[in-house]
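So the chains spell out like this:
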Amino acid sequence: MRKTFPVNAMIEGRRVLVVGGGRVGQRKVELLLDAGADVVLVCPDCVAELTALAAEGRVAHIARAFEAADVEGAAMVFACTDDKHVNRRVREAAQSARVLCCCADGNWPDGDFVTPAIIRAGEVLIAVSTSGKSCLQSRLIKDNLRKHLDSIESSDLLVLGTSHEFLSAEERAPYHLLSREREALGEMIRQIWGVHEFFILNTCNRIEIVAAVSREASTSGILRRLLRFDRLRPDLYYMKQGFDAFAHLCHVAAGMGSQTPGEVHIVAQLKDAVEEAITCGWAGSILRGMCDSVLRVSKDIRQAVEPLLDAVEIEDVALRYLDEAGALAGKTVLVVGTGVLGKGLVAGLLARRCACVWAYHRNVPHVEEGQTIEVVQLDDLPHVLPRAEVVISAVNVQEPVITAARHGACLNPSGAVLVDLGMPPNIDAALHAPEAQRRVVGLDTLKHWARAANAAQEQVAEICARVADAYRDSYERIRRSMQGEA
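Student: Let's hear about the overall build of the protein: which residues, and what values?
Tutor: In terms of helices and strands, the protein carries 18 helices and 17 strands. Here the C-alpha atoms of the protein give a radius of gyration of 34 Å, more than 25% beyond the 23 Å that 2.2 N^0.38 yields for 486 residues. Viewed in the frame of its principal axes, the protein has a C-alpha envelope of about 110 × 45 × 45 Å. Counting the 486 residues in the protein, one finds 48% classified as buried. Of all intrachain contacts in the protein linking residues separated by at least 6 positions in sequence, the fraction that spans at least 24 positions is 65%. Accessible surface computed for the protein: about 24,200 Å², of which carbon and sulfur atoms make up 50%.

Student: Explain the packing of aromatic side chains to me, and be specific about the residues and the numbers.
Tutor: Under the criterion given, the structure shown has nine aromatic pairs. Plain terms: the ring middles of Phe78 and Phe113 are 5.4 Å apart, the flat faces sit at 90 degrees to each other, and that makes the pair edge-to-face. Of the two residues, Phe78 sits in strand 4 (residues 76-79) while Phe113 sits in the loop between strand 5 (100-103) and strand 6 (117-121), which places them 35 residues apart along the sequence. With a centroid separation of 6.2 Å and 45 degrees between ring planes, the pair formed by Phe246 and Tyr475 is classed as tilted. Of the two residues, Phe246 sits in helix 9 (residues 243-253) while Tyr475 sits in helix 18 (residues 472-482), which places them 229 residues apart along the sequence. Of the two residues examined, Phe246 and Tyr475, each falls in the buried class. The structure contains a cluster of three or more aromatic residues connected by ring pairs, namely Tyr175, Phe229 and Tyr237. Taking the ring centre of Phe243 as reference, the NZ or CZ of Arg472 above it sits at 3.8 Å.

Student: Describe the pattern of salt bridges, naming the residues involved and giving the relevant values.
Tutor: In the structure shown here, the tally under the stated rule is 13 salt bridges. The residue Asp323 makes a salt bridge to Arg352 at a minimum N-O spacing of 2.8 Å. With Asp323 in helix 12 (residues 314-324) and Arg352 in the loop between helix 13 (340-351) and strand 13 (355-360), the pair connects residues that are 29 residues apart, well separated along the chain. Connected via shared salt-bridge partners are Arg64, Glu67 and Asp70.

Student: Tell me about the pairing of strand 1 (residues 15-19), residues and numbers included.
Tutor: Of all the five residues making up strand 1, four are buried; the element is thus mostly covered by neighbouring parts of the structure. In this sheet, strand 2 (residues 38-42) lies alongside strand 1 in parallel orientation, the contact comprising five bridges. In the strand pairing of strand 2, Val18 is matched with Leu41. Viewed along the sheet, the connection from strand 1 through helix 1 (residues 23-34) into strand 2 turns out right-handed.

Student: Lay out the environment of His432 with the relevant residues and their values.
Tutor: Within the secondary structure layout, His432 lies in the loop between strand 16 (416-420) and strand 17 (438-441). Look at His432 and you get partly exposed, because its relative accessible area is 39%. Setting aside residues no more than four positions away along its own chain, His432 makes contact with Arg438, Arg439 and Val440.

Student: Give a description of the sheet that holds strand 16 that names residues and reports values.
Tutor: Strand order in the open sheet formed by six strands is 14-13-12-15-16-17, and the pairing between neighbours is parallel. The sheet terminates laterally at strand 14 (373-377) and strand 17, the two strands that pair on one side only. If you compare each strand with its neighbour and ignore which way they point, the axes differ by 15 degrees on average. Taken together, the four bridges between strand 12 (residues 332-336) and strand 15 (residues 390-393) define a ladder with parallel strand orientation.

Student: Please set out the pairing of strand 5 residue by residue, giving values where relevant.
Tutor: Looking along a regular strand, one sees side chains alternate from face to face of the sheet. In terms of strand pairing, strand 4 meets strand 5 through four bridges, oriented parallel. From the neighbouring strand, Ala79 faces strand 5, where its bridge partner is Cys103. Between strand 4 and its parallel partner strand 5, the chain crosses via helix 3 (residues 84-96), and the hand of that crossover is right-handed.

Student: Residue-level account of the nonpolar core, with values.
Tutor: Generally speaking, a soluble globular protein has its nonpolar side chains buried in company with each other. Of all hydrophobic cores here, the largest spans 64 residues; its most connected members are Leu157, Phe199, Phe246, Met290 and Ile301. If one sorts the elements of this core by residue count, helix 11 (residues 285-305) sits on top with nine residues. Leave out the neighbours within four places in its chain, and Ile301 touches Cys250, His251, Ala254, Met256, Cys464 and Val467. Grouped together as the second largest cluster of nonpolar side chains are 32 residues, Leu319, Ile392, Val419 and Leu443 included.

Student: Provide a residue-level description of the environment of Ala69, including the pertinent values.
Tutor: With respect to the element layout, Ala69 can be found in the loop between strand 3 (59-62) and strand 4. The spacing of Ala69 and Ala94 is 25 residues in sequence and 9.2 Å in space, taken between C-alpha atoms.

Student: Outline the sheet that holds strand 2, supporting the account with residue identities and numerical values.
Tutor: The sheet built from five strands is open, its strands ordered 3-2-1-4-5 with parallel pairing. Across the chains shown, the open sheet's two edge strands, defined by having one partner strand only, are strand 3 and strand 5. Sheet twist, expressed as the mean angle between neighbouring strand axes with direction ignored, is 20 degrees. Its contacts with the sheet place helix 3 against strand 1, strand 4 and strand 5, and it is angled at close to 165 degrees to strand 5.

Thresholds applied
Residues numbered from 1 in each chain as written. Predicted model: local features only at pLDDT ≥ 70, side-chain atom pairs only at ≥ 80, totals over all residues. Heavy atoms only, no water. Helix = DSSP H or I, 4+ residues; strand = E, 2+ residues; numbered from the N terminus. Rg over C-alpha atoms; globule rule 2.2 N^0.38 Å. Buried < 20%, exposed > 50% of the residue type's maximum accessible area, 1.4 Å probe, protein only. Contact = heavy atoms within 4.5 Å. Areas by Shrake-Rupley, 256 points an atom, 1.4 Å probe, with all protein chains shown as cover. Phe/Tyr/Trp six-rings, centres within 6.5 Å; stacked < 30°, edge-to-face > 60°. Lys NZ or Arg CZ within 6 Å of the ring centre and 35° of its normal. Salt bridge = Lys/Arg side-chain N within 4 Å of Asp/Glu carboxyl O. Pairing = 2+ DSSP bridges. Right-handed = clockwise from strand over helix to strand, strands pointing away. Axes fitted to C-alpha atoms, helices over the stretch in contact; angles between N-to-C directions. Core = buried A, V, L, I, M, F, W, Y, C linked by side-chain atoms within 4.5 Å.

Distances and angles like these do not, on their own, reveal function.
What follows is the structure, encoded as structure tokens:
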């Protein structure tokens, strides 16, 4: 091993001597020509490739044995013959003339420099050296870096997912991911060659992977398999690439792909997904910048479609649905969950002067002075359910919190409406019993009711496409950054 100092030699237009016309000499000559050097090749004979370069006038070939005078005027010298004694004479002559010399054999430690394993891709030049310890290791590293560079050059934006537009709430439930499942999936995805950055968008109505990914990785099917979409028919999920993926994200971020068109919770969910990915090491500056661009476009989409939509959040849809059904007036309502949806529900119920019971699991909800709210723990549900005429649940859990086995006998004997805003579902569908005046209302029912109330969907879609198309330049900048272009 020898300690070395890496440099990029600027030898364009300068005379460089290569002694030896075998395969080693050929590799040196080709690299020197790439660097713009004026190459002089000294050897009695050479491989066909070097003969062709000499015939084309790209290399000056002196067809004889090496002479000490050959080193005069050279910027550097390469000793590449298969005779160690000749290589030593080349080195000695070069050093006597104060010309830097590289020996491509066992004489290398006595030379002046070594050439590392080199990868050139456009304007990118990568050199790999182990300071003489292992040429094999250098080649392995170089070959792997070459694959990585090739994958970067074909990279583009990918969105792979499914949503309420393709699967019902019951059908989507197995594909939704809680925190630990996302973490496990993310660690598997980051092992895939060609997936450079990614985040996982997991909401009540969609599960998507958004990635900066090579062409090979996007079409290999491995992402589809990890998401378990290989179990679905091709028409039950979507894969969008390039500008189509960008436009899709703008549409989603504007709330136009939500169960209630125009809702704004998706903005926070998108930001949270990106931040989770950055914290986990899945994403970096490329997708953060992409998300910023998407949010700017989505804001313009919202402004353009605002006159056409009655934009409300899912909790407002649930309350309006119950209003229309006459299920809230003067009723006792149990809200399960203290997150964003739970807080919105309680605020809406108080405005309607309902008797409100608020159930929590870990986080005790804050009740402002003057608000008449009964706060209970989740374990107290069997004591509260008998008097609840309406139950609305919105918690992030893997299994239902209200089940037929545990709570069926506890429900209000006069009947109840149970509204399930969770994904996966919070309320056991087996509790639906019209004969007992008991209804379970899920996200799909609310979605269809809300979309019937918003009749301008085709016009909204046209506006979304037109606004997104005006931002093609933003997408092109993202694409160029993925591919390492200026």
